[in-house]
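Examination of the molecular architecture
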Amino acid sequence: MNQLTAFLAFLRHPRQQATNLAFGNGFMYGLSLNSMMLLIPLYAISEDFRLSDQGIVIAAPAVFMVILRLPGGAISDRFGERVVIWFSFGTLLTAAVIAAFANSILPLIASQLFSGASRSVYWSAAQSYISRSAEGQAGKVMGRQLAFESGAGIIGAIAAGFIAEIFGFGYAFGIAAALCVVGISVTTSLPSLPRKDQVRSVKASFAPVKTMLFSRSLAFAHLVSFMAASYAGLMGGLFIAYFRDIGYSEGFTGLVRAFNGAGVVVVAFMFGVLLTRVGALWTGVFGMVATGLVAIGVASTGDIPVLPVVLMTVSGVTFGTLRTLYPALAAQKSSPNQRAMALSVVSLYWAVAMLLSPLIFGFVADATSIRTAMYIFGTFSVIVGLLSPLVYALGRTAEVPSQEAPPPAASEPVKS
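These numbers come from a predicted model, not from an experiment.

**Some details on the overall build of the protein chain**
What the protein chain contains, in helices and strands, is 19 helices and zero strands. In the protein chain, which comprises 416 residues, the proportion classed as buried is 56%. Put simply, of all contacts in the protein chain between residues at least 6 apart along the chain, 87% involve residues at least 24 apart. Carbon and sulfur atoms make up 69% of the accessible area of the protein chain, which amounts to about 17000 Å² in all.

**Comments concerning the pattern of salt bridges**
Enumeration according to the criterion identifies three salt bridges in this entry. Taking the shortest distance from any N to any O, the salt bridge between Arg132 and Glu81 comes out at 3.0 Å. Linking Arg132 in helix H7 (residues 105-133) with Glu81 in helix H6 (residues 81-100), this pair joins segments that are 51 residues apart in sequence. Of the two residues, Arg132 and Glu81, neither departs from the other in class, the shared state being buried.

**Observations regarding the packing of aromatic side chains**
Evaluated as defined, the whole model comprises 19 aromatic pairs. Members of the aromatic cluster, each reached through a chain of ring pairs, are Tyr231, Phe239, Phe319, Tyr326, Trp350, Phe361 and Phe377. We note Arg323 situated over the ring of Trp123; from NZ or CZ to the ring centre the distance is 5.1 Å. Over the aromatic face of Trp350 sits the side chain of Arg323, whose NZ or CZ is 5.6 Å from the ring centroid.

**Remarks on the nonpolar core**
The nonpolar side chains of soluble globular proteins are, as a tendency, buried together. Counting residues in hydrophobic clusters, the biggest one holds 124 residues, and the most contacted among them are Met36, Phe239, Val298 and Trp350. For this core, the leading source of residues is helix H2 (residues 16-46), giving 15 residues. For Met36, the residues in contact, after removing those within four places along its chain, are Pro41, Leu92, Ala95, Ala96, Ala99, Ser111, Phe173 and Ala176.

**Notes on the confidence of the model for the protein chain**
Close inspection of predicted coordinates is inappropriate in any region flagged by low pLDDT. For the protein chain, per-residue confidence averages 82 on the pLDDT scale, and 86% of positions sit at 70 or higher. For the protein chain, helix H1 (residues 2-11) is the element with the lowest average pLDDT, namely 55, and H6 is the one with the highest, namely 94. Counting contacts from residues 400-416, a segment whose pLDDT is below 50, to residues more than four positions away or on other chains yields zero contacts.

**Some points on the environment of Ile40**
Considering the arrangement of structural elements, one finds Ile40 in helix H2. What makes Ile40 buried here is its relative accessible area of 1%. Sequence separation between Ile40 and Phe173 is 133 residues; the distance between their C-alpha atoms is 9.2 Å.

**Some thoughts on the packing of helix H17 (residues 307-332) against helix H18 (residues 339-367)**
Put simply, H17 and H18 touch, their axes get as near as 8 Å, and they point 140° apart. Considering their axes alone, H17 and H18 lie oblique with respect to each other. Taken as a pair, H17 and H18 cross one another with a handedness that is right-handed. Across from Phe319, Arg323, Tyr326, Pro327, Ala330 and Ala331 in H17, the residues of H18 making contact are Arg339, Ala342, Leu343, Val346, Ser347 and Trp350.

**Quick notes on unusual backbone geometry**
In this structure, Asp48 takes a positive phi of about 60° despite not being glycine. As for its position among the elements, Asp48 is in the loop between H2 and helix H3 (51-59). Taking relative accessible area as the criterion, Asp48 reaches 67% and is therefore assigned exposed.

**Describing H17**
For the α-helix, the turn length of 3.6 residues means that residues three or four positions removed from each other point alike. Over its 26 residues, H17 runs 38 Å from end to end, which matches the ideal 38 Å to within 8%, given 1.5 Å per residue. Its axis deflected by about 25° at Phe319, H17 carries its strongest bend there. Counting buried positions along H17 gives 20 out of 26 residues, so the element sits mostly inside the fold.

**Here's the deal with the environment of Ala62**
Within the secondary structure, Ala62 sits in helix H4 (residues 61-67). Put simply, Ala62 and Val352 are 290 residues apart on the chain and 6.9 Å apart in space, counted from C-alpha to C-alpha. Among all residues touching Ala62, those that are not within four sequence positions of it are Ala351, Met354 and Leu355.

**Things to note about helix H5 (residues 69-79)**
Every buried residue belonging to H5 is among Arg69, Leu70, Gly72, Gly73, Ala74, Ser76 and Asp77, and all of these are buried. With its phi angle positive at about 100°, Gly80 sits one or two positions after the end of H5.

**Looking at the packing of H2 against helix H9 (residues 169-188)**
As a packed pair, H2 and H9 sit with axes 9 Å apart at the nearest point and diverge in direction by 160°. Considering the angle they form, H2 stands roughly antiparallel to H9. For the pair H2 and H9, the crossing hand works out as left-handed. Residues belonging to the contact of H2 with H9 are distributed by class as follows: 16 nonpolar, seven polar and no charged.

How each quantity is defined
Residues numbered from 1 in each chain as written. Predicted model: local features only at pLDDT ≥ 70, side-chain atom pairs only at ≥ 80, totals over all residues. Heavy atoms only, no water. Helix = DSSP H or I, 4+ residues; strand = E, 2+ residues; numbered from the N terminus. Buried < 20%, exposed > 50% of the residue type's maximum accessible area, 1.4 Å probe, protein only. Contact = heavy atoms within 4.5 Å. Areas by Shrake-Rupley, 256 points an atom, 1.4 Å probe, with all protein chains shown as cover. Salt bridge = Lys/Arg side-chain N within 4 Å of Asp/Glu carboxyl O. Phe/Tyr/Trp six-rings, centres within 6.5 Å; stacked < 30°, edge-to-face > 60°. Lys NZ or Arg CZ within 6 Å of the ring centre and 35° of its normal. Core = buried A, V, L, I, M, F, W, Y, C linked by side-chain atoms within 4.5 Å. pLDDT = per-residue confidence, 0-100. Axes fitted to C-alpha atoms, helices over the stretch in contact; angles between N-to-C directions. Parallel < 35°, antiparallel > 145°, perpendicular 65-115°, else oblique. Left-handed = near helix turned anticlockwise from the far one by under 90°. Expected span 1.5 Å × (residues − 1). Bend = angle between axes of the 7 residues up to and from the residue. Nonpolar A, V, L, I, M, F, W, Y, C, P; charged D, E, K, R; others polar.

Have a look at this one:
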């Protein structure tokens, strides 16, 4: 009953129209992006690329994800989020068109660079917009936004896999491009959200970057962002190669991959309640440790038809806690006029992990095996998760006022 009351109050929020349209915008981006994220590795596998080459293809988007992340946040804070979201759909459209005509690794890498340009700026802008549409409810609305994106991702991944298998990759990439065009139209309908004390120049938007990058109070958010992306980088490449290696078809691989999105939808929609009851620390610890254990489980049970599907759903829940936690922490610790930049800074750690994870584990898989690489990642994630309370404590101490500060000058004689 309490949940129903809270949901009805949420629907009556004065900026609910903007919130609902942002959910629709996220749905379209989830459809188009997840279609591309499945089709690219499947196409690379169909062309018999080496695992290390596949790692390069999967890591390629992270080049622009690193370079454009902070400029995207600065432009969002200065000119508004909509122009950045338009850019995201436009560059993803370009990526789909290039991929539709790719016949070697170089055009595929070029497509991935445009995809990276899109992904580099979309979430900071979209999360900033929706958090400002319901100020004070960042965890709730951002969690539900991720649920819409992930729910669309389920549809996109399943449809893209079977379309590629039945009609070919060119046709599948063409549909992904059409979805981007629809997304551009939805973005046009987003109402403007005025800001109080909006920055007056792009240079002013960059002012807090240095402090945010090395802020102790944001250290836990940085770690969660890095670990979430480390898993996402493998899920978008090595896991797909693994399922194809053990004999799954393109369509069934897309189906199994989509079950991860189902788990994300479940946890993302309820994330506000989870964060309130469990707290950021134990939500993060659970996410990192459980994600590592599930990765090990998937590697161990891939030959059994049912278990990988179950475990991929579970991994969606564990990964989803991390994926929703780090932007919620960034939103909580930033003011509205610096919201997009704070999200960009924290997600810069995501971009770095998306660059390193596919490269490192792609070469590890080439040198050993795919399963060994998955085992190594799983162990790494568990260890980092167990040690993460130390990072959280570092951030807490940064927020505690110094006890050595001089007392107020109350003892001074009162002047008459």
